[in-house]
Amino acid sequence: MTTDQPGCTASELLAVMSARLLRDGQVVFAGVGIPLLAATLAQRLHAPGLTILFEGGVIGAFIEPGQLPPSTNEQRCTRRANMVLSSTDVLLLLQRGYVDIGFMGGAQIDQYGNLNSSFIGDPQHPATRLPGTGGGNDIASLTQMIVAMKHEKRRFVNRVDFVTSPGFLSGADTRREAGLTAGGMYRVVTDLGIFGFEEHSKEMQIRALHRGVSADDVQANTGFELLVAKDLEITDPPSEHELAALRHLDPDRLYTA
Amino acid sequence: MSLDEAAMLVPDGASVGIGGSTLSRTPMAMIWALIRASRKDLFCARGISSTEGELLFASGTSRHIVTSWFSQGIVWGVSRIMRSYTETGRARFEEWSHLAIGLRFRAGAMGVPFLPMRSMMGSDVIAQLPDAKLIDCPFTGERLVLVPALNPDFALIHVQRCDAYGNAQIDGLPFLDIDLAMAANRVIVTTERIVSNEQIRRAPDQTKIPFLAVDAVVEARFGCAPHECYGEYEPLFEHLDSYAAQIRQDPDKGAHDYLDRYFYDPKSWTEYLDRLGLEELLDARRRGTSIYDD
């Protein structure tokens, strides 16, 4: 199915929908791409007091319109920040519990919210070697996570080929049993809907659908059986105001092509 | 000391920690010199690896890189060179989390054999790493991961200013460089400018690496190009785009042609910069220094 809503691209839809999940006053650890853009959008719209952290070593970033960085390690990430510090020390803020939300993209995800960005196929003889974890494993291990990614059957698989960044591992209490006492997957935002995880089994469930998308559409694009929340919602489409603010931030469509 | 002289300090097979991260404060001039000197089998470690890692693989200078993320940068997609070398077993990309690499350098800098941490548990990343150990904390009983100190033979670090003794001042993001410098057994600093010791002493709070740790200082203007150096120049995006296009077309031939044109053929670092082009260098410089504009 086509994932473009009228008047915006799938990437723009992801950015707007995930920006809405961020609250003023939160501390968010954002990865490059849609997460950086969505966090910056939230900061410009409804969450001016959102504190954005970057893995390069930044606390309190304010990205300038049209000056999006190619990673979270360039000087563009430090504009008007409160502090720069080492990558080790900014990542340790996660471990010490200073971060409310980790926010990343994803290449492949499974029913328990485990993310793979390392290997497609057998890790010993991979069909594709992907770029790897970066700080993704640290963020997913240590705090509550929002993941923004395109919804495709090959990306939403029953079991990831490799757990790069842990979600709820094998579900139920297995994450805690592995030693990960904090955090876990909170929301997955896609171009079809918004997903959470069932309280006990930790299986992925549809919480909201974007307008014009049915639960059957979502299931048809997913490689495992999705639960459906009792109070399933329909999201409001991106407003002109949200899209205008987003396009002002990324006029060259570096992240939102 | 010259780049060539500094390259002579590093023998084949040495372990080398590389400063900076992704496209930032990459010690490109020193990597350029090591590749030109035909170093072999360097064991390399860096927080995040970009084109310098690709060129270390493609030139045969390294066949083993420890890093957390390895590609030119997200906007250019997955590295074709990294894929080509690792998928055929010609080289190894040993993946640790970014925090794990940071704490391995920090343990090395602290003079202790390991540090405990709370990430990586339950993932397949740690399952691939026999050197990371799970323990139950002797004080609290909690499950923790121990990561071993990484004390490379050499650290290669590029800074904005350094005096002749090795007092190095870093502007902007320090990445893992301070721990890396203190962890390494020998440190080669390349710098945009060699300044006087008096100038260093006027702003000692900006000195991030003490002369005690530093073994060699080399002045290399635009020493990170085509990557960025905070407050000095941003990445040379047009060059990086054309590099990516060349690699996408044919990873092996593209990399070898690139190495010939930019690494092996130029007679000097200045000629390398000349090939990058004055127009792009000045544009990168204008963007780089603009970080200090209001």
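Per chain, the residues get numbers from 1 upward, laid out in the order the sequence is written. Throughout, the order in which chains and ligands are written sets their labels, letters from A for the former and numbers from 1 for the latter. Local features in a predicted model are, by the rule used here, given only for residues with pLDDT of at least 70; side-chain atom pairs are given and counted only at 80 or more, and totals for whole chains, interfaces and linings are based on all residues.

**Remarks on the overall build of chain A**
Okay, step 1: A run of H or I in DSSP becomes a helix once it reaches four residues, and a run of E becomes a strand once it reaches two; helices and strands are each numbered from the N terminus. A tally of regular secondary structure across chain A gives seven helices and 15 strands.
Okay, step 2: Against the globule reference of 18 Å for 257 residues, chain A gives a C-alpha radius of gyration of 17 Å, in line with a compact fold.
Okay, step 3: Its C-alpha atoms put chain A at 45 × 40 × 35 Å along the principal axes.
Okay, step 4: What counts as a contact is two residues whose backbone-derived C-beta atoms lie within 7 Å of each other. Within chain A, contacts between residues at least 6 apart in sequence are counted, and of these 66% link residues at least 24 apart. Both definitions apply: the radius of gyration is a C-alpha atom measure, and the globule rule equals 2.2 Å times residues to the power 0.38.

**Focus on the overall build of chain B**
Okay, step 1: Summing up its helical and strand segments, chain B has twelve helices and twelve strands in all.
Okay, step 2: Along the first, second and third principal axes, the C-alpha atoms of chain B reach 60 × 50 × 40 Å.
Okay, step 3: With C-beta atoms placed from the backbone, a residue counts as buried when 20 or more other C-beta atoms lie within 10 Å of its own, as exposed when 12 or fewer do, and as partly exposed for counts between those limits. For chain B, the proportion of its 294 residues judged to be buried stands at 55%.

**Some details on the domain arrangement of chain B**
Okay, step 1: According to the domain assignment, chain B contains domain 1 (3–95 + 151–288) and domain 2 (114–148).
Okay, step 2: The distance between the C-alpha centroids of domain 1 of chain B and domain 2 of chain B comes to 31 Å. An automatic or database domain assignment provides the domain bounds reported here.

**What to know about the sheet that holds strand β4 (residues 83–84) of chain A**
All names here are of chain A.
Okay, step 1: Only when DSSP finds a minimum of two bridges between them are two strands counted as paired. The strand order across the open sheet formed by ten strands is β4-β3-β2-β1-β5-β10-β12-β13-β14-β15, and the pairing between neighbours is mixed. Strand pairing shows two members of the sheet lacking a second neighbour, β4 and β15 (227–234), which therefore form its edges.
Okay, step 2: To obtain an axis, a line is fitted to C-alpha atoms, over the contacting stretch when the element is a helix, and the angle between two such axes runs from 0 to 180 degrees between their N-to-C directions. Strands in contact with helix α2 (residues 34–45) are β1 (27–30), β2 (51–54), β5 (101–105) and β10 (144–148); relative to β5, the strand with the most contacts, it is inclined by about 130°.

**As for the nonpolar core**
Okay, step 1: By size, the foremost hydrophobic cluster in this structure holds 165 residues, and its most contacted members are Val28 and Ala39 of chain A together with Ala181 of chain B.
Okay, step 2: Sort the elements by how many residues they give to this core and helix α2 (residues 28–36) of chain B lands first, with eight residues.
Okay, step 3: Two domains share this core, each providing at least three of its residues, namely domain 1 (3–95 + 151–288) and domain 2 (114–148) of chain B. Linking buried Ala, Val, Leu, Ile, Met, Phe, Trp, Tyr and Cys residues through C-beta atoms within 7 Å yields a set, and such a set is a nonpolar core.

**Focus on the interface of chain B and chain A**
Okay, step 1: Contacts between the two partners involve 51 residues from chain B, matched on the other side by 43 residues from chain A.
Okay, step 2: Examining the composition of the side of chain B that touches chain A, we find that five residues originate from one element, helix α5 (residues 98–110) of chain B, more than from any other.
Okay, step 3: Taken together, the residues of the side of chain B that touches chain A sort by class into 23 nonpolar, 18 polar and ten charged. Here the term charged refers only to Asp, Glu, Lys and Arg, the term nonpolar to Ala, Val, Leu, Ile, Met, Phe, Trp, Tyr, Cys and Pro, and the term polar to all other amino acids, Gly among them.

**What to know about the sheet that holds strand β7 (residues 115–116) of chain A**
Okay, step 1: The sheet built from three strands is open, its strands ordered β7-β6-β11 (chain A) with mixed pairing. Here the strands that pair on one side only, and so sit at the sheet edges, are β7 and β11 (156–157) of chain A.

**Notes on the pairing of strand β7 (residues 143–148) of chain B**
Residues and elements named next belong to chain B.
Okay, step 1: Sheet analysis places strand β5 (residues 114–117) next to β7, joined by four bridges and oriented antiparallel. Across the sheet, the residue bridging to methionine 117 is valine 145, located in β7.
Okay, step 2: Inspection of the sheet shows strand β6 (residues 133–136) paired to β7 by four bridges, in the antiparallel sense. Its bridge partner lying in β7, leucine 134 is registered against valine 145.
Okay, step 3: Joining the antiparallel neighbours β6 and β7 is a turn of six residues, in which glycine 141 adopts a positive phi near 80°.

**Topic: the pairing of β15 of chain A**
Along a regular strand, successive side chains alternate from one face of the sheet to the other.
All names here are of chain A.
Okay, step 1: Summarising burial for β15: zero of the eight residues are buried, a small minority.
Okay, step 2: Of the strand pairs in this sheet, strand β14 (residues 204–209) and β15 are connected by four bridges, and their pairing is parallel. Residue pairing across strands places leucine 209 opposite isoleucine 234, the latter belonging to β15.
Okay, step 3: Between the parallel elements β14 and β15, the chain passes through helix α6 (residues 215–220) in a crossover that is right-handed. With the strands pointing away from the viewer, any crossover whose connection runs clockwise from the first strand over the helix to the second is right-handed.

**Focus on α2 of chain A**
Residues and elements named next belong to chain A.
Okay, step 1: Under the convention used throughout, the expected extent of a helix is 1.5 Å for every residue step, that is, one less than its residue count. The terminal C-alpha atoms of α2 lie 16 Å apart, and with twelve residues this matches the ideal 16 Å at 1.5 Å per residue to within 8%.
Okay, step 2: The element α2 is largely enclosed, with a buried count of ten among its twelve residues.
Okay, step 3: Ile34, Pro35, Leu36, Leu37, Ala38, Ala39, Thr40, Leu41, Ala42 and Gln43 are the residues of α2 that are buried.
Okay, step 4: Looking at the packing, one finds that the buried side of α2 touches α1 (10–19), β1, β2, β5, β10 and α7 (240–249).

**Considerations on the environment of arginine 287 of chain B**
Okay, step 1: Tracing the backbone shows arginine 287 of chain B in helix α12 (residues 278–289).
Okay, step 2: Note on arginine 287 of chain B: 18 C-beta atoms within 10 Å, which makes it partly exposed.

**A few points about unusual backbone geometry**
Note: most peptide bonds trans; most residues except glycine with negative phi.
Okay, step 1: A cis amide bond, omega 10°, links alanine 225 of chain B with the succeeding residue proline 226 of chain B.
Okay, step 2: Its place among the elements puts proline 226 of chain B in the loop between β12 (216–219) and α9 (237–249).
Okay, step 3: At leucine 169 of chain A, a position not held by glycine, the phi torsion is positive, near 55°.
Okay, step 4: With respect to the helices and strands, leucine 169 of chain A occurs in the loop between β11 and α5 (174–177).
Okay, step 5: We classify leucine 169 of chain A as buried; it has 23 C-beta atoms within 10 Å.
Okay, step 6: In the Ramachandran plot, aspartate 41 of chain B falls in the positive-phi region, its phi being about 55° despite a non-glycine side chain.

**What to know about α5 of chain B**
Residue and element names in this part refer to chain B.
Okay, step 1: With 13 residues, α5 should cover 18 Å at 1.5 Å per step; its first-to-last C-alpha distance of 18 Å lies within 8% of that length.
Okay, step 2: Burial of α5 is extensive: twelve of the 13 residues sit out of reach of the surface.
Okay, step 3: By the burial criterion, the buried members of α5 are His98, Leu99, Ala100, Ile101, Gly102, Leu103, Arg104, Phe105, Arg106, Ala107, Gly108 and Ala109.
Okay, step 4: Trailing α5 by a residue or two, glycine 111 shows a phi angle of about 75°, which is positive.

**Some remarks on the packing of α2 of chain A against α7 of chain A**
Residue and element names in this part refer to chain A.
Okay, step 1: Packing of α2 against α7 brings their axes to within 10 Å, and their N-to-C directions diverge by 125°. Judged on the interaxial angle alone, α7 and α2 are oblique. Like other packed secondary-structure pairs, α2 and α7 cross with a definite hand, here right-handed. From α2, Leu37, Thr40, Leu41, Arg44 and Leu45 reach across to α7, where they touch Glu242, Ala245, Leu246 and Leu249.
Okay, step 2: Grouping the amino acids of the contact of α2 with α7 by side-chain chemistry returns six nonpolar, one polar and two charged. In what follows, roughly perpendicular refers to angles from 65 to 115 degrees, roughly parallel to angles under 35, roughly antiparallel to angles over 145, and oblique to any angle outside these ranges. Crossings are assigned a handedness: left-handed for a near helix turned anticlockwise from the far helix by less than a right angle, right-handed for a clockwise turn.

**Digging into the environment of aspartate 260 of chain B**
Okay, step 1: Its location among the elements puts aspartate 260 of chain B in helix α10 (residues 251–264).
Okay, step 2: Along the sequence, aspartate 260 of chain B and arginine 36 of chain B sit 224 residues apart, while their C-alpha atoms lie 9.9 Å from each other.

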